[in-house]
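Chain by chain, the residues run as shown.
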Amino acid sequence: MISSVRGEVLIVALDHVVVEVGGVGLAVQATPATLATLRRGEEVRLHTALVVREDSLTLFGFADADARELFGLLQTVSGIGPRLALATLAVLDPDKLRAALVEGNITVLTSVPGIGRKGAERLTLELRDKVTALGSGDAPAVTAPGALRSEVVEALAGLGFPAKQAEQAVDKVLADGDGHTTASVLRAALATLGRKR
């Protein structure tokens, strides 16, 4: 089992990153939020899960171990494969997903493309207790506003948005409240910029 990879980022694509590990470029599937934090030429460490199929070996990468654990847990439910598990974590961050499962919030779960009402009900039924046991109970780390702002602006610029537009979107999100995490600000800023396009 390959549980993490560390190395230089060679390529950041729409759905994966290529990380050079010991002279070998490993393609690692990841969520848009994780990919947005990566820069070509920089060193990265990703928590990974290796999915073995008859015709393929696929690495899935996550910014933290919590997301990787949820990725594995989601696949224990019938009908949820690695692609759908990754899509779920792309739409819902670990805390929001855990809350939806514990509360049995079908509306939130069906916001994931590929998960219908029956699938959402099955997820809550099978994972409700496992998720509370798995949960770390820690609040997500909140970064200092100045550092958070520059981090997210840099991530958006890396995705091809003009610096000025990125700054305006991030400032708007930060003005709406406090206690933001990098991931939550990035998601909200991407939503804002998406509406402008």
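Along each chain, numbering runs from 1 in the same order as the chain's sequence is written. Local features in this predicted model are restricted to residues whose pLDDT is 70 or higher, and side-chain atom pairs enter the listing and the counts only when it is 80 or higher, whereas totals over whole chains, interfaces and linings include all residues. Hydrogens and waters are ignored; side-chain quantities use all the structure's heavy atoms.

Asker: Help me out: how do you make sense of the packing of aromatic side chains in this one?
Answerer: Remark: the centre distance and the inter-plane angle together describe each pair of aromatic rings, the angle taken between the planes. Pairing of aromatic side chains requires ring centres within 6.5 Å, counting the rings of Phe and Tyr and the six-membered ring of Trp. Pairs whose planes differ by under 30 degrees are stacked, by over 60 edge-to-face, and all others tilted. For the coordinates displayed, the defined rule picks out two aromatic pairs. Centroid distance Phe 60 to Phe 71: 5.0 Å. Interplanar angle 40 degrees. Geometry classified as tilted. Pair noted here: Phe 60 is in strand β5 (residues 56-62) and Phe 71 is in helix α2 (residues 65-74), with a separation of 11 residues, a long-range link. Accessibility expressed as a relative area gives 1% for Phe 71, which makes it buried. When the ring of Phe 62 is compared with that of Phe 71, the centres are 4.9 Å apart and the planes differ by 50 degrees; the resulting orientation is tilted. Only DSSP runs of H or I with at least four residues qualify as helices, and only runs of E with at least two residues qualify as strands; both kinds are numbered from the N terminus onward. The classification of residues rests on relative accessible area computed with a 1.4 Å probe and restricted to protein chains. Under 20% of the type maximum is buried, over 50% is exposed, and intermediate values are partly exposed.

Asker: Mind showing me how you'd approach the packing of α2 against helix α3 (residues 82-91) here?
Answerer: Each packed pair of helices is defined by two parameters, the angle between the axes and the distance between the axes. As a rule, the C-alpha atoms of each element are fitted with a line to give its axis, helices using only the stretch in contact, and angles between N-to-C directions run from 0 to 180 degrees. Contact geometry for α2 and α3: axes closest at 9 Å, N-to-C directions at 135 degrees. In terms of axis orientation, α2 runs oblique to α3. Considering the relative orientation of α2 and α3, their crossing is right-handed. Here α2 contributes Ala 67, Leu 70, Phe 71 and Leu 74 to the contact with α3, which in turn contributes Pro 82, Ala 85, Leu 86, Thr 88 and Leu 89. Basically, the charged four are Asp, Glu, Lys and Arg, the nonpolar ten are Ala, Val, Leu, Ile, Met, Phe, Trp, Tyr, Cys and Pro, and anything else, Gly included, counts as polar. Class assignment of the residues belonging to the contact of α2 with α3 gives a composition of eight nonpolar, one polar and no charged. Should an angle fall under 35 degrees it is called roughly parallel, over 145 degrees roughly antiparallel, and 65 to 115 degrees roughly perpendicular, with every other angle called oblique. By the definition used in this description, the sense in which the near helix is turned from the far one sets the handedness, with an anticlockwise turn below a right angle giving left-handed and a clockwise turn giving right-handed. Residue contacts are counted whenever heavy atoms from the two residues lie within 4.5 Å of one another.

Asker: What is the right way to look at helix α4 (residues 94-103) in this model?
Answerer: Because each turn of an α-helix spans 3.6 residues, side chains separated by three or four positions end up pointing in the same direction. Looking at α4, one finds that the buried residues are Pro 94, Leu 97, Arg 98, Ala 100 and Leu 101. An end-on view of α4 places all buried positions within 165 degrees of arc, on one side of the element. Of the residues flanking the end of α4, it is Gly 104, one or two places downstream, whose phi is positive at about 70 degrees. Arc, as used here, means the arc of the directions from the helix axis to the C-beta atoms.

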